[in-house]
Amino acid sequence: MALVTKAIKGTQDILPSEVYKNQFIESTMLEIADKFGFRELRTPVFEHTELFQRGVGETTDVVQKEMYTFNDKGERSITLRPEGTAGAVRAFLEHGLFNEALPQKFCYVLNCYRYEKPQAGRWREFQQFGVEMLGAAHPAADAEIISLANEIFAFLGVENLRLELNSIGCPECRKNYHNALKEYFEAKKENLCPTCLERLGKNPMRILDCKSPICKEISEGAPAILDYICDDCSAHFESVRKYLDKMNIEYVVNPRIVRGLDYYTRTVFEFVSTDIGAQGTVCGGGRYDGLVEELGGPHTPSLGFALGTGRLLMLMAAQGIEIPKPNGCDIYIAPMGENASYEAAAITADLRANGVSAQTDVVGRSLKAQMKYADKIGAKYTVVLGDNEIENGKANLKNMDNGEITEVELADLAENFMNFLVQQATLSLAESLDVEGVDLSSILGSI
Ligand code: HAM
């Protein structure tokens, strides 16, 4: 039975009482991305395994250790996406979007799957918000996407984030770097983990990203890529920095950032927090100038980032940032008896059609039990509907906060209630602002 009533390790339910937080940050991020011209792209949750092997890279931890890969009933190897970039590039190619105006700008909110060791801030199913800009080689593009991430954090009021920046060069300048790394790790290879021993021959840069504590310690003394990048890559990096300086975006150069995915070239960056424990990288991204070509398309320099929404919410909670709660139930109609129940259903439907969040009894409760329920769901107003009220066409509207009663006409309750709510909200706003000399009736009259 335990298997049936327990979610799989590393996954989590987001309950109705909490989901408004996710909805708020998701819509905020999509809106900010929209301002920058990024339109939402939705791709399937699973893709051909080969896409990630070729896109993300055979020697990465993600591909070697963390993918949820299985054969479907047609014996195709399928993988649940571990990230969003490869799928975005696949869609860009499949739909010939390289023939459209470039750069193409996508944003997304998606669930990703990695078989990692679960801990605070690290799950096996997690959600990313991300952006991808395809067809932009200029350093201004790097600064633009970094500024997008920066604006998201600023808008949400997140503080104490360090933007770390590096350049990992192009395949040309990386050749020399690989040689230097090989030489360095060769001398220490008896202590490397078996996966890194394999990487030493194929892709020594991946050793820098290994999660094993010993490999991490060895990596600390390794040569830094910034000392090996070519003049073009160096000029690109300088220019990105100049844009960021001009835009007043603070950053530190961290020559140790290499990122965990193989497609990166030139600029890489991470937004890191020390407020949420070991998994402090809230956002990561960079350029991937060769990926579109690697997957069979035309040369299309591109870049993007992804941000873990779970980590972002943890960070906001740690910093005490309140997320606005959505409106609960505006009005609860409590019918007494069968006849009233039919009337209540009709009035509630009318209220909803007029934009009001309205509920009524759907389980046949006593009046007392209904009022208890209305209180639990936080109804702002209630109306008790009995045979008398229906006969007279009038009922009492009760303010659940202060007990105030207002008599209302049932015939136009649905039509008038929204206006009434707006008036109440305006009054309480004016009261809370405590503005003197403002003629409230003129404000209310203009609604
Ligand atoms: P990534 O660094 O692998 O990059 O992941 C981006 C973000 O996703 C991380 O900074 C973190 O916030 C979140 N994340 C990653 N793994 C987990 C996990 N197991 N649990 C919770 N959150 C996690 C990418 O995925 C690239 N596709 C980003 C990119 C887009 N680069 C260019 N375009």
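For the structure itself, consult the block above.
Residues numbered from 1 in each chain as written. Predicted model: local features only at pLDDT ≥ 70, side-chain atom pairs only at ≥ 80, totals over all residues. Heavy atoms only, no water.

Membership of the largest hydrophobic core comes to 47 residues, with the highest contact counts inside it found for Val89, Phe185 and Leu208. Considering each element in turn, this core owes the most residues, six residues, to helix 5 (residues 85–94). Excluding residues that lie within four positions of it along the chain, Leu208 makes contacts with Tyr177, Leu181, Phe185, Ser219, Ala222 and Val258. Judged by nonpolar contacts, the second largest core, of 42 residues, contains Ile25, Phe38, Ile146 and Phe271. (Core = buried A, V, L, I, M, F, W, Y, C linked by side-chain atoms within 4.5 Å. Buried < 20%, exposed > 50% of the residue type's maximum accessible area, 1.4 Å probe, protein only. Helix = DSSP H or I, 4+ residues; strand = E, 2+ residues; numbered from the N terminus. Contact = heavy atoms within 4.5 Å.)

Once that is clear, we can look at the sheet that holds strand 12 (residues 331–335). The sheet built from five strands is open, its strands ordered 13-12-14-15-16 with mixed pairing. If you trace the sheet from one side to the other, it starts and ends with strand 13 (358–360) and strand 16 (405–409), each paired once. Each strand axis lies, on average, 25° off the axis of its neighbour in the sheet, ignoring direction. Here helix 14 (residues 367–376) sits on the sheet and contacts strand 12, strand 13 and strand 14 (381–385); the angle it forms with strand 12, its principal contact strand, is near 170°. (Pairing = 2+ DSSP bridges. Axes fitted to C-alpha atoms, helices over the stretch in contact; angles between N-to-C directions.)

When two helices pack together, their arrangement is given by the angle between the helix axes and the distance between those axes. Packing of helix 2 (residues 19–35) against helix 6 (residues 139–156) brings their axes to within 10 Å, and their N-to-C directions diverge by 135°. Here helix 2 lies oblique to helix 6, going by the angle between them. Judged by the sense of rotation from one axis to the other, the crossing of helix 2 with helix 6 is right-handed. On helix 6, the residues touching Phe24, Ile25, Thr28, Met29, Ile32, Ala33 and Lys35 of helix 2 are Leu148, Glu151, Ile152, Phe155 and Leu156. Here the contact of helix 2 with helix 6 is built from residues that sort into nine nonpolar, one polar and two charged. (Parallel < 35°, antiparallel > 145°, perpendicular 65-115°, else oblique. Left-handed = near helix turned anticlockwise from the far one by under 90°. Nonpolar A, V, L, I, M, F, W, Y, C, P; charged D, E, K, R; others polar.)

Moving on to the site of the ligand. Among the 27 residues in the neighbourhood of the ligand, the closest are listed as Glu83, Thr85, Glu116, Arg259 and Tyr264. Within the side chain of Thr85, one N or O atom sits 2.8 Å away from a nitrogen atom of the ligand. Between Thr281 and the ligand, the recorded distance is 3.1 Å, taken from a backbone N or O atom to an oxygen atom. When isolated, the ligand has an accessible area of 660 Å², and the protein chains bury 95% of it. Of all elements in the fold, only strand 6 (125–134), strand 10 (281–287) and strand 11 (302–308) reach the threshold of two or more residues within the shell around the ligand. By residue number, the principal contributor to the shell around the ligand is strand 10, which donates six residues. (Near = heavy atom within 4 Å. Polar contact = N/O pair within 3.5 Å; in protein donor to acceptor, adjacent residues only side chain to side chain. Areas by Shrake-Rupley, 256 points an atom, 1.4 Å probe, with all protein chains shown as cover.)

The side-chain alternation of strand 15 (residues 394–399) yields one buried face, formed by Ala395, Leu397 and Asn399, and one unburied face, formed by Lys394, Asn396 and Lys398. In the sheet, strand 14 pairs with strand 15 via three bridges, with the strands oriented antiparallel. Within the sheet, the bridge partner assigned to Thr382 lies in strand 15 and is Lys398. The pairing of strand 15 with strand 16 spans five bridges and is classified as antiparallel. Along strand 16, the bridge assignment pairs Ala395 with Val408. Counting the residues that bridge the hairpin from strand 15 to strand 16 gives five residues, and of these Gly403 lies at a positive phi of roughly 75°.

Where helix 6 contacts helix 10 (residues 231–246), the axes come no closer than 8 Å and their chain directions differ by 45°. Looking at the two axes, helix 6 sits oblique to helix 10. Helix-helix and strand crossings are classified by hand; for helix 6 and helix 10 the assignment is right-handed. Touching Pro139, Ala140, Asp142, Ala143 and Ile146 of helix 6 are His236, Ser239, Val240, Tyr243 and Leu244, all from helix 10. Residue composition of the contact of helix 6 with helix 10, grouped by class: seven nonpolar, two polar and one charged.

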